[in-house]
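Overview (structure and organization)
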Amino acid sequence: VEKNTGLFFAGKDKEPSTVGVLFQMRIDRSNASIPFTYIEEITAIKNEKEVLLSIGSVFRIDQVGELKPDVWQVDLTLCKDRDPELTHLTDYIR
């Protein structure tokens, strides 16, 4: 929700041998079959726009790239329950 906040925490207090990762999640509200909700009204840290995702939410990795030294961004898209590629993968794994 707030990319600058995420970038701040992705680069904060890292060990020298680690990298920060910012996950940017795309959720299509009109097609979302997995429950999620905004919790900014009840979060412990006021003025933070937070989202609570349902257990079992599955995201597709769209792109991975380095934003700056030691900070990477991973672009994700929430999969629908009946996503054909996810269904094919699940069937293959079984």
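On a predicted model such as this, the values are computed, not experimentally measured, just so you know.

Time to look at the side chain of threonine 43. Looking at the secondary structure, you find threonine 43 in the loop between strand E2 (36-38) and strand E3 (51-53). Threonine 43 gets classed as buried once you look at its relative accessible area, which sits at 8%. Engagement of the side chain of threonine 43 in a polar contact is seen with the side chain of glutamate 50, the distance being 3.1 Å. Setting aside residues no more than four positions away along its own chain, threonine 43 makes contact with Glu48 and Glu50.

If you trace the 3 strands from one edge of the open sheet to the other, you get E1-E5-E4, paired in mixed fashion. In the strand order of this sheet, the two ends are held by strand E1 (20-26) and strand E4 (59-68), each with one partner. Strand-to-strand, the axes of this sheet are offset by a mean angle of 20°, without reference to chain direction. When E4 meets strand E5 (residues 71-78), the two strands line up antiparallel, connected through 8 bridges. Within E5, the position partnered with valine 64 by the bridge is valine 74. Packed on one face of the sheet, helix H1 (residues 3-10) meets E1, E4 and E5 and runs near 155° to E1.

Residues Val19, Val21, Phe23, Met25, Ile61, Val64 and Trp72 make up a contiguous nonpolar surface patch of about 640 Å² in total accessible area. Sorting the residues of the nonpolar patch by element identifies E1 and E4 as the ones contributing at least two each. If one sorts the elements of the nonpolar patch by residue count, E1 sits on top with 3 residues. Residue position: isoleucine 61 is located in strand E4.

Further remarks concern the packing of aromatic side chains. Evaluation of the coordinates by the stated rule reveals 2 aromatic pairs. With centroids separated by 5.1 Å and ring planes inclined at 80°, the aromatic side chains of phenylalanine 8 and phenylalanine 9 adopt a geometry described as edge-to-face. Their ring planes at 75° and their centres at 6.4 Å tell us that phenylalanine 36 and tyrosine 38 sit as a pair that is edge-to-face. By relative accessible area, phenylalanine 36 is classed as partly exposed at 23%. Owing to a relative accessible area of 40%, tyrosine 38 belongs among the partly exposed residues under this scheme.

Thresholds, definitions, all that
- Residues numbered from 1 in each chain as written.
- Predicted model: local features only at pLDDT ≥ 70, side-chain atom pairs only at ≥ 80, totals over all residues.
- Heavy atoms only, no water.
- Helix = DSSP H or I, 4+ residues; strand = E, 2+ residues; numbered from the N terminus.
- Buried < 20%, exposed > 50% of the residue type's maximum accessible area, 1.4 Å probe, protein only.
- Polar contact = N/O pair within 3.5 Å; in protein donor to acceptor, adjacent residues only side chain to side chain.
- Contact = heavy atoms within 4.5 Å.
- Pairing = 2+ DSSP bridges.
- Axes fitted to C-alpha atoms, helices over the stretch in contact; angles between N-to-C directions.
- Patch = residues over 30% accessible without salt bridge, like charges linked within 9 Å, V, L, I, M, F, W, Y side chains within 5 Å.
- Areas by Shrake-Rupley, 256 points an atom, 1.4 Å probe, with all protein chains shown as cover.
- Salt bridge = Lys/Arg side-chain N within 4 Å of Asp/Glu carboxyl O.
- Phe/Tyr/Trp six-rings, centres within 6.5 Å; stacked < 30°, edge-to-face > 60°.

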